[in-house]
Amino acid sequence: MFIIDAHLDLSMNALEWNRDLRQPVTAIRAREAGINDKPDRAKGVVAFPELRKGNIGLVVATLIGRYVAPDNPLPGWHSPEQAWAQTQGQLAWYKAMEDAGEMVMIKDKQSLEQHLQLWNDGTPNDKKPVGYILSLEGADSIVNLKYLERAYNKGLRAIGPAHYGPGRYANGTDATGHLNEQGKQLIREMEQLNMILDATHLCDDAFWDAMDLFNGAVWASHNNCRALVDHNRQFSDDMIKTLIQKGAVIGGALDAWMMVPGWVRGKSTPESMGCNLEKMIDHMDHICQIAGNSLHVGIGTDLDGAFGKEQCPYDLETIADMQQLPALLAKRGYSAEDIDNVMHGNWLRFLRNAWRD
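Residues numbered from 1 in each chain as written. Predicted model: local features only at pLDDT ≥ 70, side-chain atom pairs only at ≥ 80, totals over all residues. Heavy atoms only, no water.

Undergrad: With reference to specific residues and values, describe the overall build of the chain.
TA: A count of helices and strands for the chain gives 13 helices and 9 strands. Its C-alpha atoms give the chain a radius of gyration of 19 Å, near enough to 21 Å, the size a compact globule of 357 residues would have. By its C-alpha atoms, the chain is 45 × 45 × 45 Å across when sized along the principal axes. Taking all 357 residues of the chain together, the buried fraction comes to 59%. Accessible surface for the chain amounts to roughly 14,100 Å². Of this, 49% is attributable to carbon and sulfur atoms. Across the chain, the 35 positively charged side chains and the 47 negatively charged ones have centroids separated by 3 Å. (Helix = DSSP H or I, 4+ residues; strand = E, 2+ residues; numbered from the N terminus. Rg over C-alpha atoms; globule rule 2.2 N^0.38 Å. Buried < 20%, exposed > 50% of the residue type's maximum accessible area, 1.4 Å probe, protein only. Areas by Shrake-Rupley, 256 points an atom, 1.4 Å probe, with all protein chains shown as cover. Lys, Arg positive; Asp, Glu negative; His and termini not counted. Charge placed at Lys NZ, Arg CZ, Asp CG, Glu CD.)

Undergrad: Can you explain the state of the cysteines? Please cite residues and give values.
TA: A full pass over the atoms with the stated rule returns 0 disulfides. The structure places no disulfide on Cys225, whose sulfur is separated from the nearest cysteine sulfur, that of Cys288, by 9.5 Å. Judged by relative accessible area, Cys225 falls into the buried class, the value being 0%. (Disulfide = S-S within 2.5 Å.)

Undergrad: Talk me through helix α5 (residues 109-119); I want residue IDs and the actual numbers.
TA: When α5 is considered as a whole, its buried residues turn out to be Ser111, Leu112, His115, Leu116 and Trp119. Across the axial projection of α5, the buried residues extend over an arc of 135°, all falling on one side. Structural note: α5 exposes Gln110 and Gln117 on the side pointing more than 90 degrees away from its buried face. Taken together, the buried residues of α5 touch α3 (48-53), β2 (56-63), β3 (103-105), β4 (130-137) and α13 (336-354). (Arc of directions from axis to C-beta. Contact = heavy atoms within 4.5 Å.)

Undergrad: I'd love a proper account of helix α11 (residues 277-291), names of residues and values included.
TA: Look at α11: 22 Å from first C-alpha to last across 15 residues, which is about the 21 Å you get at 1.5 Å a residue. Buried-residue contacts for α11 involve α9 (237-245), β8 (250-252), α10 (256-259), β9 (297-299), α12 (325-331) and α13. Of the residues one or two after α11, Gly292 is the one with positive phi, at around 80°. (Expected span 1.5 Å × (residues − 1).)

Undergrad: Explain unusual backbone geometry residue by residue, including any values.
TA: Phi is positive for Ala42, which is not a glycine, with a value near 65°. Given a relative accessible area of 29%, Ala42 falls into the partly exposed group. One non-glycine residue, His201, lies in positive phi territory at about 75°. Within the secondary structure, His201 sits in the loop between β6 (196-198) and α8 (204-213).

Undergrad: With reference to specific residues and values, describe the pairing of β2.
TA: Within β2, 8 of the 8 residues are buried, which leaves it mostly tucked inside the rest of the structure. Where β2 lies against β4, 6 bridges are found, and the strand directions are parallel. Following the sheet pairing, Thr62 is matched in β4 by Ser135. (Pairing = 2+ DSSP bridges.)

Undergrad: Let's hear about the packing of aromatic side chains: which residues, and what values?
TA: For the structure on display, the rule yields 9 aromatic pairs. Their ring planes at 15° and their centres at 5.0 Å tell us that Tyr94 and Tyr132 sit as a pair that is stacked. Separated by 38 residues along the polypeptide, Tyr94 in helix α4 (residues 80-99) and Tyr132 in strand β4 bring together distant segments of the chain. Judged by its relative accessible area of 0%, Tyr94 falls in the buried class. For Tyr132, a relative accessible area of 0% gives the class buried. Each member of the aromatic cluster is reached from another via a ring pair, and the members are Phe48, Trp93, Tyr94 and Tyr132. Geometry around Trp119 places Lys128 over its ring, the cationic atom sitting 5.7 Å from the centre. When the ring centre of Tyr147 is taken as reference, the NZ or CZ atom of Arg150 above it lies at 4.3 Å. (Phe/Tyr/Trp six-rings, centres within 6.5 Å; stacked < 30°, edge-to-face > 60°. Lys NZ or Arg CZ within 6 Å of the ring centre and 35° of its normal.)

This is the structure in structure tokens:
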């Protein structure tokens, strides 16, 4: 079944982890054997061959570059201009992958429909480019609002104003505080440009501000439910209800600590915590029960977001195993139409409604 994944940090994986994503996952793991600079070395689960094997033909691919003030202990850049340059290096990698025939940018309705036609033509996926919609995770690298339009002209179509901690426009996970004036201006300008607002990572104060201010298309590319795992990174039921009212789609994330309560980083294992793909279905089902339908959930794995086999469902060897989801959903009583909605239909409906041309 055709799958859309609404959140993959492909460029970060390629550049900061130094992974040639044209190689199979097994080859990447073999090359990293014995390297221990990062917890997920030799445990990666994403590469282009596995995306094609899993019939994952369209992804929302991110740029990310955090600015950190002198008192901010998080890793990041010491000026917005450096953060901008970081994202432009990531964009250069996506463009190189386009030149190599591995990817193709999807930025409007016409390119979307052409890409869907290619991936659904009944021929093998081996040589088909993976489509990508460009998104920015955390807006710190937007030096000023002139850069926003510049980024849009380069293909950027979605922005999550915050990531972790304090941000230049909005505060994110593990932080608090309302949108500042810059953040309000950013959101208004995004609406004018018809950009998608990604509610993922917004702290509670900033989330409610954004929901009040923004009248454009809203999605949450990779988020789970606070009712099941109590952490500010997750959405409360009230937040989920508001997103549903705005026609949003929420992508289920596969980072184990977001899936099961009580995860201890560096100590817990997916096996010891019983973290499998069924747990993703639990979060999706919770949202469906609130909505009363299957129209507001999708896939947003975050499977190359700085973790691998050590911190994702134990029954997932590579991202190709997302093809297990239809059977798991059917086992829960979801209809064929519901399953199509989750795997790709909701994201496609969202994009067709959001893009004017």
